[in-house]
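Letter by letter, the chains look like this.
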Amino acid sequence: MSNQARIFREFIDEGQANAVAALLEAAGIPFNLQKERRITDTVYVGPDYQPAVKIFLNAADFSKAQEVLEKYYTDEAEKMGADYYLFGFTNAELLEVVVKADKWNMLDVQLAKKLLKERKAGVDEHTFSRLEEERKKVLAKKEDTPWFMLIGGYLMISGALYGCWTLFNGEFSLATAFIFSMVVAAFIGMHIRKSSRTLPDGTLDYAYSDDARQHGTVIYYGSLVTLAIGFIVLILHLKASYG
């Protein structure tokens, strides 16, 4: 796997993950299956429905892997009996499964398409393709600018600059607050500038707008510069005091 590996699928059930991994292996598509260790006890906190297994693929292999899964689960959908829960869905509910395919397993998506066609719900492959493109646009929509985080980041840097001034004047009581401010500001800046998500086609898309990410960059590097200034001031003060 290259450093371009991204999350292709996430699973709660390990068996489903292994089934998909077997299909990818049979198709000659390199992948990396990662299991997350659970630290909670279901006896006390109940069942954990967060994804426990993730499959990573190279971004270039997403389309091929998608085709492999679609073909397999299209065939599997033909074998499903009327007792399967999806048969009780209304046309509107089935259409929602197709529209939000990223939230459903591949078998349910292919079966939903099959049932909609059989019920003559006025949809076809062209409709499905259009809905898929519309869903991609929804998923690629940038998150709202986190103004509270931006303001907090700039306030942390301002506080740290004040901390530098107190260090320059030989006051070390705010040293801990200075370091804390820098760590928090750096974390905020890094989060805003680096947060991303993988779209269904394997494209890596940043979560925030370019303007928000520029602010994140300023906060991140501003925190590092301020931290450097603080250490320089501290060293010069110590040198003047004991030199």
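Residues numbered from 1 in each chain as written. Predicted model: local features only at pLDDT ≥ 70, side-chain atom pairs only at ≥ 80, totals over all residues. Heavy atoms only, no water.

Student: How do you make sense of the packing of aromatic side chains when you look at a structure like this?
Tutor: What characterises a pair of aromatic rings is the spacing of the ring centres plus the angle enclosed by the ring planes. Across all of its chains, the model carries six aromatic pairs by this definition. Ring geometry for Tyr72 versus Tyr73: centroids 4.9 Å apart, planes at 85°, classification edge-to-face. What makes Tyr72 partly exposed here is its relative accessible area of 33%. Note on Tyr73: relative accessible area 13%, which makes it buried. Arranged with centres 4.8 Å apart and planes meeting at 50°, the rings of Tyr84 and Tyr85 form a pair that is tilted. Take Tyr85: its relative accessible area is 42%, and that puts it in the partly exposed class. Following the ring pairs from residue to residue traces out a cluster consisting of Tyr84, Tyr85, Phe89 and Trp104. Above the face of the Phe8 ring, Arg9 is positioned so that its terminal group lies 4.3 Å from the ring centre. Across from the ring centre of Tyr206, 3.6 Å away, lies the NZ or CZ of Arg213, which sits over that ring. (Phe/Tyr/Trp six-rings, centres within 6.5 Å; stacked < 30°, edge-to-face > 60°. Buried < 20%, exposed > 50% of the residue type's maximum accessible area, 1.4 Å probe, protein only. Lys NZ or Arg CZ within 6 Å of the ring centre and 35° of its normal.)

Student: Even after reading the chapter, I still don't get the pattern of salt bridges, so can you show me in this structure?
Tutor: Between side chains of opposite charge, a pair can form as their charged atoms come close. All told, the structure shown has 14 salt bridges when counted by the stated rule. Residue Glu76 pairs with Lys79 through a salt bridge whose shortest N-O separation is 3.0 Å. Between Lys142 and Asp205 there is a salt bridge, with the nearest N and O atoms lying 3.2 Å from each other. In this pair, Lys142 sits in the loop between α6 (125–139) and α7 (147–168) while Asp205 sits in strand β5 (residues 204–206), placing the two residues 63 residues apart along the sequence. Here the salt bridges do not stand alone but share partners, grouping Glu132, Glu133 and Lys136 into one network. (Salt bridge = Lys/Arg side-chain N within 4 Å of Asp/Glu carboxyl O. Helix = DSSP H or I, 4+ residues; strand = E, 2+ residues; numbered from the N terminus.)

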